[in-house]
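Here is what each chain is made of, one letter per residue.
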Amino acid sequence: MFTEQMKNTIYIIILLCFTLISSSLKSQKVIGFLGDWHHWENPNYVSTGINYDKLTDVVLAFVIPKSDGSYTYEPEFESQLEEMVNQAHAKGRKVHISIGGYSATHNTDGSLISPDPMRQMTSNAATRKKFVDAMIKMVKDYDLDGLNFDWEYPSSGDTYNLNQILYDLKLGLINLESELGKTLELSIAVSASGYYSSAYNSTSLSYVDFVYIMAFDNGGDHHSSLSFAISAMDFWLDSKNLEPKKIILAIPFYSKNNGQWNGYYKDFSKSDPSAYFNDEDGSLNNRNYNSKPVLEAKIDEINKRGGSGVFVWEIWGDRNDEYSLLNVLYSNLVGKKDLEKELGKV
């Protein structure tokens, strides 16, 4: 029989182990993206719908650059960002904004905007400076923790200008760090293969803290399979010599079939939550998505390569119950869930 003193001693030992292990795993990230347009469907989502406890970082998308160095975003972007910072920082989470995105360079029918506004903005020193200064000011004004740069997609002829704006953004963040009293991060979102990645070189990658590999929306039967994730990470490691610690792998919370949108996980899983959550390969009832087993397999592959975590496109698509995919990511990457269960047994 354990005495009360022995129980307390065991509890303290486990608590110390929990603290040490949790601390060592904080570098692994679970980053949730949210499109600013969802405000029109649920104005209170940022304050009541996001599960900040299951994220390390949250990103509001998008700031859309214009060719003259100005920018635009949804009318409620600023109010959402302010509330997001308040909510996230209260829980010790980081907040970023994402620059660009698909709609910054593509028309609604999928055709390219010509000329490319991001190419025009980055190719001129004056417009580039105007835009960079505005983004650094936004980081300062809203007490943000970093910027994500998502150009879809620069070509090989854009390498010099791409590197220049990444350098300018990183330098601006570094110069702001002492004033805000914290480290500020710069990340990029990139294609999962070489086809759209020719602009990036070792210089580009040296300026950023993390590389968000968009291993989704692939053609074929499954748009975000385990094999696609593996090939995407290995491309950036082997062909681009990316430092493993900079890997952030994309996780979709939606289904696509042969290039066609097929719903958010939270919606199509309503008919049988357990079946969709536990499906072995994330391919069920004509839905191709990432189930719990697929997520766990991807996390294993990230860890084998020394990667730093995942980003979710997008958290709007998750359930808020025991079948939450976000909970799977957080409990496996940040690693607290099992330890907390053990503490409860003492």
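Looking at the element boundaries, M118 is found in helix α5 (residues 117-122). Considered as a pair, M118 and A104 are 14 residues apart in the sequence and their alpha carbons are 7.5 Å apart. Leaving out residues up to four positions away in the same chain, M118 has contacts with P65, G100, A104, T105, F149, D150 and W151.

Tracing the chain through its elements places K298 in helix α12 (residues 292-304). No salt bridge is formed by the buried K298, whose closest oppositely charged neighbour, D217, lies at an N-O distance of 11 Å.

Next up on the list: the pairing of strand β13 (residues 309-313). In terms of burial, β13 is a largely internal element, five of the five residues being buried. Neither face of β13 is left uncovered, since the one carrying G309, F311 and W313 and the one carrying V310 and V312 both have all their residues buried. Of the pairings in the sheet, the one linking strand β1 (residues 29-35) to β13 comprises four bridges and is parallel in character. Along β13, the bridge assignment pairs V30 with V310. The sheet contact formed by strand β8 (residues 247-252) and β13 spans five bridges and is parallel. Along β13, the bridge assignment pairs A250 with F311.

Under the criterion given, the structure shown has one cavity of 30 Å³ or more. Contributing to the lining of the largest cavity are L34, G35, H38, H39, N42, P43, Y45, V46 and Q80. Sorting the residues of the lining of the largest cavity by element identifies β1 and α2 (45-49) as the ones contributing at least two each. Taken together, the residues of the lining of the largest cavity sort by class into four nonpolar, five polar and no charged.

Residues L81, M135, M138, L147, F149 and F311 are the most contacted members of the largest nonpolar core, which totals 101 residues. With sequence-adjacent residues up to four places away left out, L81 is seen in contact with L60, V95, I97, M138, Y142 and L144.

By the definition in use, this model includes 21 salt bridges. Note that R119 is salt-bridged to D116, the shortest N-O span being 3.8 Å. One network of salt bridges, with partners in common, ties together K29, D57, K94 and E185.

Our next topic: helix α3 (residues 77-90). For α3, spanning 14 residues, the distance from its first C-alpha to its last is 20 Å, which sits close to the expected 20 Å at 1.5 Å a residue. Regarding α3, the residues found buried are F77, Q80, L81, M84, V85 and A88. With its buried residues spanning 135° around the axis, α3 presents them on a single face. Directly after α3, the chain includes G92, whose backbone phi takes a positive value near 75°.

Buried residues dominate helix α13 (residues 325-333), accounting for eight of its nine residues. Of the positions making up α13, those classed as buried are L325, L326, N327, V328, L329, Y330, S331 and L333. Capping of α13 at its N-terminal end is provided by S324; its side-chain oxygen lies 3.2 Å from the backbone amide nitrogen of L326.

This part covers the packing of aromatic side chains. One pass over the structure, following the stated rule, counts 26 aromatic pairs. Ring plane angle 25° and centroid distance 5.7 Å describe the contact between F62 and W313, whose orientation is recorded as stacked. You can see F62 sitting in strand β2 (residues 57-65) and its partner W313 sitting in strand β13, a full 251 residues away along the chain. Take F62: its relative accessible area is 9%, and that puts it in the buried class. Look at F216 and F311: their rings are 6.1 Å apart centre to centre, the planes differ by 80°, and that puts the pair in the edge-to-face class. Of this pair, F216 sits in the loop between β7 (210-214) and α9 (226-239) while F311 sits in strand β13, and the two are 95 residues apart along the sequence. Taken individually, F216 and F311 each receive the classification buried, so the pair is uniform in this respect. Members of the aromatic cluster, each reached through a chain of ring pairs, are F33, W37, F62, Y212, F216, Y254, W261, Y264, F311 and W313. The side chain of K266 reaches across the aromatic face of W316, ending 4.0 Å from its centre.

Conventions and cut-offs
Residues numbered from 1 in each chain as written. Predicted model: local features only at pLDDT ≥ 70, side-chain atom pairs only at ≥ 80, totals over all residues. Heavy atoms only, no water. Helix = DSSP H or I, 4+ residues; strand = E, 2+ residues; numbered from the N terminus. Contact = heavy atoms within 4.5 Å. Buried < 20%, exposed > 50% of the residue type's maximum accessible area, 1.4 Å probe, protein only. Lys, Arg positive; Asp, Glu negative; His and termini not counted. Salt bridge = Lys/Arg side-chain N within 4 Å of Asp/Glu carboxyl O. Pairing = 2+ DSSP bridges. 1 Å grid on protein atoms, 1.4 Å probe; cavity = no way out; pocket = protein on both sides within 12 Å on 5 of 7 lines; lining within 4 Å. Points joined across faces, edges and corners; volume = space filled by probe spheres on them. Nonpolar A, V, L, I, M, F, W, Y, C, P; charged D, E, K, R; others polar. Core = buried A, V, L, I, M, F, W, Y, C linked by side-chain atoms within 4.5 Å. Expected span 1.5 Å × (residues − 1). Arc of directions from axis to C-beta. Polar contact = N/O pair within 3.5 Å; in protein donor to acceptor, adjacent residues only side chain to side chain. Phe/Tyr/Trp six-rings, centres within 6.5 Å; stacked < 30°, edge-to-face > 60°. Lys NZ or Arg CZ within 6 Å of the ring centre and 35° of its normal.

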